Amino acid sequence: MNVDDLRAWLASNGQPSFRAQQIRQWLDDGVTDFKQMTNLPKDLRARLASAFTVPSVSIERKLVSAIDGTIKYLYRLDDGETVESVLMQYKHGWSQCLSTQVGCKMGCTFCATGMGGFIRDLSAAEMLAQIETAQKDANVRVSSVVLMGMGEPLDNYDNVVQFLRMLGEEGGVRIGMRHISLSTCGVVPGIRRLMKEQIPLTLSISLHAPNDAIRSRTMPINRRWPIEELLDACRDYIEATGRRISFEYAMIEGVNDADEHAQELADRLQGMLCHVNLIPVNAVEGKAQRRSSRLRIRSFVEVLEKRGINVTVRRTLGADINASCGQLRRQKDQLTKRKEALP
Ligand code: SAH
Ligand code: SF4
């Protein structure tokens, strides 16, 4: 619930609206037990306690990179499920990568999260709690957020949009939409819905291939919404919002990293208000994929640049702590399975 929802609930229970702010204040101070909210009438406290729960996320594991200070959390949710989140320090401040689901339905072949299947959606409160827990633990203020952790945000649309609206609320964590990126594997109806919401975030599209043949092999969602349908939605998004789109492109050796692929990609993106972010693919245990060599990436960049496409190569952070999505949770699962297998 955001503060407006809470006000509406209070009104329908015959309570003045200023109670919403009081409750919010307690929650922000870390008090999640309604009985302890001593400036509220006793019967209201009891009614709140029976109507609501406040989800928490606790730290199950924490890894700190010796190379660059990146912090990776494995969070435990109230039902015992786990999700990952990463805190990264940039010149402009701390950025946090959040999960939106436990697992993911999309099954991209290069992704550790996709391997484990889907368990459940996260609530808006669980997304917010990932930030609050990290801020408290690391004693930092998070100034930007990327929805690039576990899960497909547009497959959990309502909770994600509710979360985005709560981010800017007074008394909350107060992060402006211009400091938010949302990454999607290409859920076209979700992109079309999002463009009408008037939320000025940065949309990232996980493209990862220049044509349908390669993309359908690595990203099953492409069989449902092929590249041209996806790019049509992107063009409409840019027109509706005036905002540049960022295309993520994981460089996988021998799969999508040839100069011809760069040419094909340039053909497709020609004239679009966009930016291409090349990501050397991360190795995932149990998968044969390898990242492209630096030379190969350099050559790919040159082709795109010659064609006038705006391109950067993503810096790798947290290389020593498995800081990419889904890896830590998988390790934990495998460890548990190994333990269970012992006599
Ligand atoms: N489901 C959303 C957001 C979470 S994944 C999406 O797919 O966009 C965040 C990003 O990490 C995506 O661009 C995804 O394609 C990428 N990714 C997944 N596995 C990866 C790997 N092994 N190496 C590099 N990037 C990976
Ligand atoms: Fe899901 Fe994104 Fe991983 Fe694909 S890359 S399986 S959409 S989390």
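Participant: A description of the sheet that holds strand β7 (residues 142–147) should follow, citing residues and the corresponding values.
Facilitator: Taken together, the 10 strands give an open sheet; going across it, the order is β1-β2-β3-β4-β7-β8-β9-β10-β11-β12, and neighbouring strands pair in mixed fashion. Both edges of this open sheet fall to β1 (58–64) and β12 (311–313), since each of them pairs with a single strand only. Put simply, the sheet's adjacent strands are angled 25 degrees from each other on average, direction ignored. Along the sheet face, helix α5 (residues 124–138) touches β1, β2 (71–76), β3 (82–90), β4 (93–97) and β7 and points at about 125 degrees away from the line of β2.

Participant: Kindly report on the site of ligand 2, identifying the contributing residues and their values.
Facilitator: Around ligand 2 sit C104, M106, G107, C108, C111, G114, G151 and C185, and those are all the residues in its vicinity. Classifying every residue of the shell around ligand 2 by side-chain character gives five nonpolar, three polar and no charged.

Participant: Could you give an account of the site of ligand 1, with specific residues and numbers?
Facilitator: Taken together, 18 residues surround ligand 1, and among them G151, S183, S206, H208 and N282 come closest. At a separation of 2.9 Å, a nitrogen atom of ligand 1 approaches a polar backbone atom of N282. Residue classes in the shell around ligand 1 are distributed as eight nonpolar, eight polar and two charged.

Participant: Explain the environment of W94 to me, and be specific about the residues and the numbers.
Facilitator: Tracing the backbone through its elements, the reader meets W94 in strand β4. Distance in space between the C-alpha atoms of W94 and T70 is 9.7 Å, their sequence separation being 24 residues.

Participant: So what about the domain arrangement of the protein? Which residues, and what values?
Facilitator: Examined at the domain level, the protein breaks down into domain 1 (1–54) and domain 2 (56–341). Taking only C-alpha atoms into account, the centre of domain 1 sits 34 Å from that of domain 2. For the domain 1 face of the interface with domain 2, the top three residues by lost area are N2, R24 and D28, together amounting to 56%. If you look at where domain 1 meets domain 2, you find zero salt bridges. Counting across the domain 1 and domain 2 interface gives one residue pair in polar contact (both at pLDDT 80 or more). The set of elements that each furnish at least two residues to the side of domain 1 that touches domain 2 consists of α1 (3–12) and α2 (18–28).

Participant: Describe the pattern of salt bridges, and please don't skip the residues or the numbers.
Facilitator: This model, assessed by the stated rule, comprises 19 salt bridges. Put simply, E60 and R76 hold a salt bridge, and the shortest N to O gap is 2.7 Å. One end of the pair, E60, is in strand β1; the other, R76, is in strand β2, with 16 residues separating them in the sequence. Where K105 meets D155, a salt bridge forms, and the shortest distance between an N and an O atom there is 3.1 Å. Separated by 50 residues along the polypeptide, K105 in the loop between β5 (101–103) and α4 (112–115) and D155 in the loop between β7 and α6 (157–167) bring together distant segments of the chain. Classification of K105 by relative accessible area gives partly exposed; the value is 48%. For D155, a relative accessible area of 24% corresponds to the partly exposed category. Each of the salt bridges in this network shares a partner with another, and the network as a whole consists of E228, D232, R235 and R268.

Participant: Describe in detail the packing of helix α11 (residues 259–269) against helix α12 (residues 294–306), supporting the description with residues and values.
Facilitator: Angle between the axes and distance between the axes: these two values describe a pair of packed helices. Interhelical geometry of α11 versus α12 gives an angle of 30 degrees and a closest axis separation of 9 Å. As summarised for this structure, α11 and α12 are arranged roughly parallel, according to the angle between their axes. Like other packed secondary-structure pairs, α11 and α12 cross with a definite hand, here right-handed. Across the interface between the two elements, D259, H261, A262, Q263, L265 and A266 from α11 touch R296, S299, F300, V303 and L304 from α12.

Participant: Please provide a residue-by-residue account of the packing of aromatic side chains, values included.
Facilitator: Taken as a whole, this structure holds three aromatic pairs when the rule is applied. When the centroid spacing of 5.0 Å and the interplanar angle of 65 degrees are considered together, the rings of W9 and F52 count as edge-to-face. With W9 in helix α1 and F52 in the loop between α3 (42–51) and β1, this pair connects stretches of sequence that are 43 residues apart. On the accessibility criterion, W9 (17% relative accessible area) is buried. Their ring planes at 5 degrees and their centres at 5.3 Å tell us that Y73 and Y75 sit as a pair that is stacked. By the burial criterion, Y73 is buried, and Y75 matches it. Above the plane of the ring of F118 lies K105, whose end atom (NZ or CZ) is 4.7 Å from the centre.

Criteria and thresholds
- The residue numbering used here restarts from 1 in each chain and proceeds along that chain's sequence as written.
- The order in which chains are written sets their letters, starting at A; the order in which ligands are written sets their numbers, starting at 1.
- In view of the model being predicted, local features appear only for residues whose pLDDT reaches at least 70, and side-chain atom pairs are presented and counted only at 80 or more, with totals across whole chains, interfaces and linings using the full set of residues.
- Where side-chain values are given, they derive from all heavy atoms of the structure, hydrogens and water being excluded.
- Two strands form a pair only when DSSP identifies at least two bridges running between them.
- Secondary structure counts use DSSP, requiring at least four H or I residues in a row for a helix and at least two E residues in a row for a strand, with both numbered from the N terminus.
- Here the axes come from fitting lines to C-alpha atoms, over the contacting stretch only for helices, and the angles between their N-to-C directions go from 0 to 180 degrees.
- In this analysis, two residues are considered to be in contact whenever any of their non-hydrogen atoms come within 4.5 Å of each other.
- For this purpose, a residue is taken to be near a molecule or strand whenever a single non-hydrogen atom of the residue falls within 4 Å of it.
- Note on residue classes: Ala, Val, Leu, Ile, Met, Phe, Trp, Tyr, Cys and Pro are nonpolar, Asp, Glu, Lys and Arg are charged, and everything else, Gly too, is polar.
- N or O atoms closer than or at 3.5 Å make up a polar contact, with two conditions inside protein: a donor-capable atom paired with an acceptor-capable one, and, for residues adjacent in sequence, both atoms drawn from side chains.
- How far each domain reaches was decided by an automatic or database domain assignment.
- The quantity reported as buried area is the accessible area (1.4 Å probe) lost by two parts once they are put together, taken as the sum for both.
- Just to be clear on terms, a salt bridge is a Lys or Arg side-chain nitrogen sitting within 4 Å of an Asp or Glu carboxyl oxygen.
- Accessibility here uses a 1.4 Å probe with only protein chains present; expressed as a share of the type maximum, an area under 20% marks a residue as buried, one over 50% as exposed, and anything in between as partly exposed.
- Roughly parallel means an angle under 35 degrees; roughly antiparallel means over 145; roughly perpendicular covers 65 to 115; every other angle is labelled oblique.
- The handedness criterion is simple: a crossing whose near helix is rotated anticlockwise from the far helix by less than a right angle is left-handed, and one whose near helix is rotated clockwise is right-handed.
- Between rings of Phe, Tyr and Trp, where Trp is taken as its six-membered ring, a pair exists when centres lie within 6.5 Å; planes separated by under 30 degrees are stacked, by over 60 edge-to-face, and by other angles tilted.
- Think of it as a cone above the ring: NZ of Lys or CZ of Arg counts as a charge over the ring if it is within 6 Å of the ring centre and within 35 degrees of the ring normal.

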